[in-house]
Amino acid sequence: MKGPPTREFSKPTFAENCTTDDKLCAISISNSVDSRSRTDREARYLEIVGRYDRPTVEMFPQVFAEITLALEAAPGDVLGSIFTALEIHNKNRGQFFTPYPVCQMMAEITLGNADDARALIADKGFVSAMEPACGAGAMVIALAQAMLAADINYQRHLHVTAVDIDSRAVHMAYIQFSLLHIPAHVMVGNSLSNEVREHWFTPAHILGGWGAKLAAQPRAAEPPARSLPQTTVARPSPRMPAREPQPRAIGEQLTLF
């Protein structure tokens, strides 16, 4: 008598496990606070986790715990460093994770005189940072740590808008920002064309009421995204006069304002 058919599972590589773990961790964090995206992301979670056998699935929370402990021990770009060391980043697309010591130096330059940041906080209530190619979030993490070293509570007085074209990088940044309680809106998109495909709001953003804080500002901190295909070009015609070139909504480097 034959028993029920057994389900066959493929054996994913370690790199595939890392990639999947990022997605599952990001969705788990998002679904704990973001009710607007919960239904679709929960379906996506179940779709992904169904591809793996039980021992592999049980490994994911263990990896998540290790990431948490690593960030507690020494805040930095834990995931970006791992991906670089394992050489599983996308070399063909020129993907490069800036070494964290370089990010620390650049963050200190960006922050500049801490008194200027304090003056901005006194006037506005917080400072905003734009990161158009965030990778795993090293520049933002370094900025948060620079503010902390200057005795400025980044969890209350910093808001980040971060973009990357690679969804895996966005997942990594979102996880690390969430675990460090950085208020942030992280997007999968193209900073050059200002197109956005996914929106990820950290728990600190949602629980801190940052949507209302940003909406109350006279100058929008998060410009609306354009949803046009990259190949679409608006051509002038007699019925449609040529438009004046508009400034980029997202800067070319980490910008504090």
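The structure contained in this document is the topic of the report that follows. Values in this document were obtained by computation on a predicted structure and should not be read as measured data. (Residues numbered from 1 in each chain as written. Predicted model: local features only at pLDDT ≥ 70, side-chain atom pairs only at ≥ 80, totals over all residues. Heavy atoms only, no water.)

Turning next to the overall build of the protein chain. When helices and strands are tallied, the protein chain shows 11 helices and 5 strands. Buried positions account for 43% of the 257 residues belonging to the protein chain. Here the analysis covers contacts within the protein chain between residues at least 6 apart in sequence; of these, 74% occur between residues at least 24 apart. Within the structure as shown, the protein chain displays about 14,900 Å² of accessible surface, and the carbon and sulfur contribution to it stands at 55%. (Helix = DSSP H or I, 4+ residues; strand = E, 2+ residues; numbered from the N terminus. Buried < 20%, exposed > 50% of the residue type's maximum accessible area, 1.4 Å probe, protein only. Contact = heavy atoms within 4.5 Å. Areas by Shrake-Rupley, 256 points an atom, 1.4 Å probe, with all protein chains shown as cover.)

Before going further, it helps to examine unusual backbone geometry. Note: most peptide bonds trans; most residues except glycine with negative phi. One non-glycine residue, His-181, lies in the positive phi region at around 55°. Looking at the element boundaries, His-181 is found in the loop between α9 (167-179) and β3 (184-190). Of note in the backbone geometry, Asn-194 takes a positive phi value of approximately 65° without being a glycine. Following the sequence through the fold, Asn-194 ends up in the loop between β3 and β4 (195-201).

Contact geometry of helix α3 (residues 54-73) with α9 gives a least axis separation of 10 Å together with a crossing angle of 55°. Compared by their axis directions, α3 and α9 come out oblique. The way α3 lies across α9 gives a crossing that is right-handed. Here Phe-64, Ile-67, Thr-68 and Leu-71 of α3 come into contact with α9, specifically with Ile-175, Gln-176 and Leu-179. (Axes fitted to C-alpha atoms, helices over the stretch in contact; angles between N-to-C directions. Parallel < 35°, antiparallel > 145°, perpendicular 65-115°, else oblique. Left-handed = near helix turned anticlockwise from the far one by under 90°.)

This next bit is on helix α4 (residues 78-86). Because the α-helix completes a turn every 3.6 residues, residues three or four places apart line up on one side. Within the span of α4, buried status applies to Val-78, Leu-79, Gly-80 and Phe-83. For α4, the N-terminal capping position is held by Asp-77, with its side-chain oxygen 2.9 Å away from the main-chain nitrogen of Gly-80. (Polar contact = N/O pair within 3.5 Å; in protein donor to acceptor, adjacent residues only side chain to side chain.)

Packing of helix α5 (residues 100-111) against helix α7 (residues 138-149) leaves a shortest axis separation of 8 Å and a crossing angle of 55°. Between α5 and α7, the crossing angle belongs to the class labelled oblique. The way α5 lies across α7 gives a crossing that is right-handed. On α7, the residues touching Tyr-100, Cys-103, Gln-104, Met-106, Ala-107, Glu-108 and Leu-111 of α5 are Ala-138, Met-139, Ile-141, Ala-142, Leu-143, Gln-145, Ala-146 and Met-147. Its residues assigned to classes, the contact of α5 with α7 comprises 12 nonpolar, 2 polar and 1 charged. (Nonpolar A, V, L, I, M, F, W, Y, C, P; charged D, E, K, R; others polar.)

For the rest of this paragraph, the subject is the packing of aromatic side chains. As enumerated under the stated definition, the model contains 3 aromatic pairs in all. Ring geometry for Tyr-52 and Phe-60: centres 5.7 Å apart, planes at 80°, overall edge-to-face. When its relative accessible area of 12% is taken as the criterion, Tyr-52 is described as buried. Plain terms: the ring middles of Tyr-174 and Trp-200 are 5.2 Å apart, the flat faces sit at 55° to each other, and that makes the pair tilted. With Tyr-174 in helix α9 and Trp-200 in strand β4, this pair connects stretches of sequence that are 26 residues apart. (Phe/Tyr/Trp six-rings, centres within 6.5 Å; stacked < 30°, edge-to-face > 60°.)

Time to look at the pattern of salt bridges. Close approach of charged atoms allows side chains with opposite charge to pair. Under the defined criterion, the tally for this structure stands at 5 salt bridges. Here Arg-44 ties to Glu-47 by a salt bridge, and the two come within 3.2 Å at their closest N and O atoms. With Arg-44 and Glu-47 both in helix α2 (residues 38-49) and 3 residues apart, this pair spans about one turn of that helix. The exposure class of Arg-44 is partly exposed, given its relative accessible area of 30%. Close ionic contact of Arg-51 with Glu-47 constitutes a salt bridge, the shortest N to O distance being 3.4 Å. (Salt bridge = Lys/Arg side-chain N within 4 Å of Asp/Glu carboxyl O.)

Inspection of helix α6 (residues 114-124) places Ala-114, Ala-117 and Ile-121 among the buried residues, and these make up the whole buried set. In an axial view of α6, the angular spread of the buried residues amounts to 60°, which keeps them on one side of the axis. Structural note: α6 exposes Asp-116, Ala-122 and Asp-123 on the side pointing more than 90 degrees away from its buried face. The opening residue of α6 is Asn-113, an N-cap whose side-chain oxygen sits 2.9 Å from the backbone nitrogen of Asp-115. Remark: Gly-125 follows α6 within two positions and exhibits a positive phi of approximately 100°. (Arc of directions from axis to C-beta.)

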